[in-house]
Amino acid sequence: MSADDRDGPDPDGAEGLRAAAQPGAGEVTATVIVAAPASRVFAALTAWERQGEWIPFTRVRLVEGDGGEGSLVEAVTTVGPAVLRDEMRVVRMDAPYEVRVVHCGHLLRGPGVLRCTQMDRDRTQVVWHEWFHLPGGSAGRVAWPVLWPGSKLGLSQALKRFARLVERGRLP
């Protein structure tokens with residue numbers, strides 16, 4: 001028995017986080033241009049608990065930390081009787097340009113990144129990119145092409161709603 005075995009399985013969760021941080025086969029990207037400076041856009045993106053204002057059916061809360069690196073964020077999406085819990089660890093914060101998370105829950109796992117690129121003084125491109133581990137083995141890989149368009153559409157619509165709220169001064 002090794003010393004690691006005696007100490008129990010990964011007491012701090014580091015191995016689980018490293019495994020979740022590897023890109024999965026389910027990949028989705030959405031982009032929007034926001035008529036606002038990158039600093040304001042980034043602040044709105046990382047106002048975690050306000051994400052429910054632009055992500056439909058979703059409530060977001062900070063579980064640990066102050067929203068910066070190391071924080072644990074939980075998003076719960078409820079549609080009728082279906083509930084999807086998404087836990088994310090903030091692993092990198094490079095304001096006002098990029099925030100990286102690792103989805104580390106039971107169902108949703110994989111890395112994600114939100115990038116803000118200042119295009120000119122009052123326009124910022126936002127790119128939201130996720131690489132999910134697909135549950136269900138080969139069945140999940142077969143189902144992904146059917147699920148992907150809905151994921152892409154949902155992500156794109158959420159970012160458009162986000163842009164409108166930032167441009168109207170309602171976020172952050």
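Heads up: the structure comes first, above all this text.
Keep in mind the model is a prediction, meaning the values are calculated, not measured.

Points about a positive patch on the surface
Here's step 1: Together, K160, R164, R168 and R170 make up a positively charged patch on the protein surface.
Here's step 2: Within the secondary structure layout, R164 lies in helix α4 (residues 137-167).

Topic: the environment of I55
Here's step 1: Locating I55 in the fold gives a position in the loop between α3 (38-45) and β2 (58-64).
Here's step 2: Considered as a pair, I55 and L155 are 100 residues apart in the sequence and their alpha carbons are 8.2 Å apart.
Here's step 3: When residues no more than four places from it in sequence are discounted, the contact partners of I55 are W128 and A158.

Regarding the sheet that holds strand β6 (residues 109-120)
Here's step 1: Spatially, seven strands are ordered β1-β7-β6-β5-β4-β3-β2 in an open sheet, and the strand pairing comes out antiparallel. One side of each edge strand has no neighbouring strand; the edge strands of this open sheet are β1 (26-34) and β2. On average, each strand axis in the sheet is tilted by 20 degrees relative to the strand beside it, whichever way the strands run.
Here's step 2: Against the sheet, α3 makes contact with β1, β4 (82-94), β5 (98-104), β6 and β7 (123-132), and its axis sits at roughly 155 degrees relative to β6, the strand it touches most.

A word on unusual backbone geometry
Here's step 1: Residue A95 is joined to P96 through a cis peptide bond whose omega torsion reads 0 degrees.
Here's step 2: Mapped onto the elements of the fold, P96 is located in the loop between β4 and β5.
Here's step 3: L171 connects to P172 through a cis peptide bond whose omega is -5 degrees.
Here's step 4: As for its placement among the helices and strands, P172 is situated in the segment after α4.
Here's step 5: The phi torsion at F57 lies on the positive side, around 60 degrees, for a residue other than glycine.
Here's step 6: Relative to the elements of secondary structure, F57 occurs in the loop between α3 and β2.

Section: the nonpolar core
Here's step 1: Membership of the largest hydrophobic core comes to 34 residues, with the highest contact counts inside it found for V34, V41, W54, V126 and F162.
Here's step 2: For this core, the secondary-structure elements that each account for two or more residues are β1, α3, β3 (72-79), β4, β5, β6, β7 and α4.
Here's step 3: Apart from residues lying up to four places away in sequence, W54 is in contact with L45, W128, A158, L159, R161, F162, L165 and L171.

What about the pairing of β3?
Here's step 1: The pairing of β2 with β3 spans six bridges and is classified as antiparallel. Directly across from V60, in β3, lies its bridge partner A75.
Here's step 2: Pairing of β3 with β4 involves eight bridges; the strand directions are antiparallel. Each bridged residue has a counterpart across the sheet, and for L72 the counterpart in β4 is R89.
Here's step 3: What sits between the antiparallel neighbours β3 and β4 is a turn of two residues, in which G80 has the positive phi angle 60 degrees.

Some remarks on the packing of aromatic side chains
How two aromatic rings sit relative to each other is set out by the distance from centre to centre and by the angle between their planes.
Here's step 1: Tallied over the entire structure, the rule returns two aromatic pairs.
Here's step 2: Plain terms: the ring middles of W54 and W128 are 5.9 Å apart, the flat faces sit at 70 degrees to each other, and that makes the pair edge-to-face. Residue W54 is located in the loop between α3 and β2, and its partner W128 is located in strand β7; the two are separated by 74 residues in the primary sequence.
Here's step 3: The buried category is assigned to W128, whose relative accessible area is 13%.
Here's step 4: With a centroid separation of 4.7 Å and 55 degrees between ring planes, the pair formed by W54 and F162 is classed as tilted. Placement of W54 in the loop between α3 and β2 and of F162 in helix α4 is noted, with a sequence separation of 108 residues between them. In this structure, W54 and F162 share a single accessibility class: buried.
Here's step 5: Here the aromatic residues W54, W128 and F162 are joined through ring pairs into a cluster of three or more.

About the cut-offs
Residues numbered from 1 in each chain as written. Predicted model: local features only at pLDDT ≥ 70, side-chain atom pairs only at ≥ 80, totals over all residues. Heavy atoms only, no water. Patch = residues over 30% accessible without salt bridge, like charges linked within 9 Å, V, L, I, M, F, W, Y side chains within 5 Å. Areas by Shrake-Rupley, 256 points an atom, 1.4 Å probe, with all protein chains shown as cover. Salt bridge = Lys/Arg side-chain N within 4 Å of Asp/Glu carboxyl O. Lys, Arg positive; Asp, Glu negative; His and termini not counted. Charge placed at Lys NZ, Arg CZ, Asp CG, Glu CD. Helix = DSSP H or I, 4+ residues; strand = E, 2+ residues; numbered from the N terminus. Contact = heavy atoms within 4.5 Å. Pairing = 2+ DSSP bridges. Axes fitted to C-alpha atoms, helices over the stretch in contact; angles between N-to-C directions. Core = buried A, V, L, I, M, F, W, Y, C linked by side-chain atoms within 4.5 Å. Buried < 20%, exposed > 50% of the residue type's maximum accessible area, 1.4 Å probe, protein only. Phe/Tyr/Trp six-rings, centres within 6.5 Å; stacked < 30°, edge-to-face > 60°.

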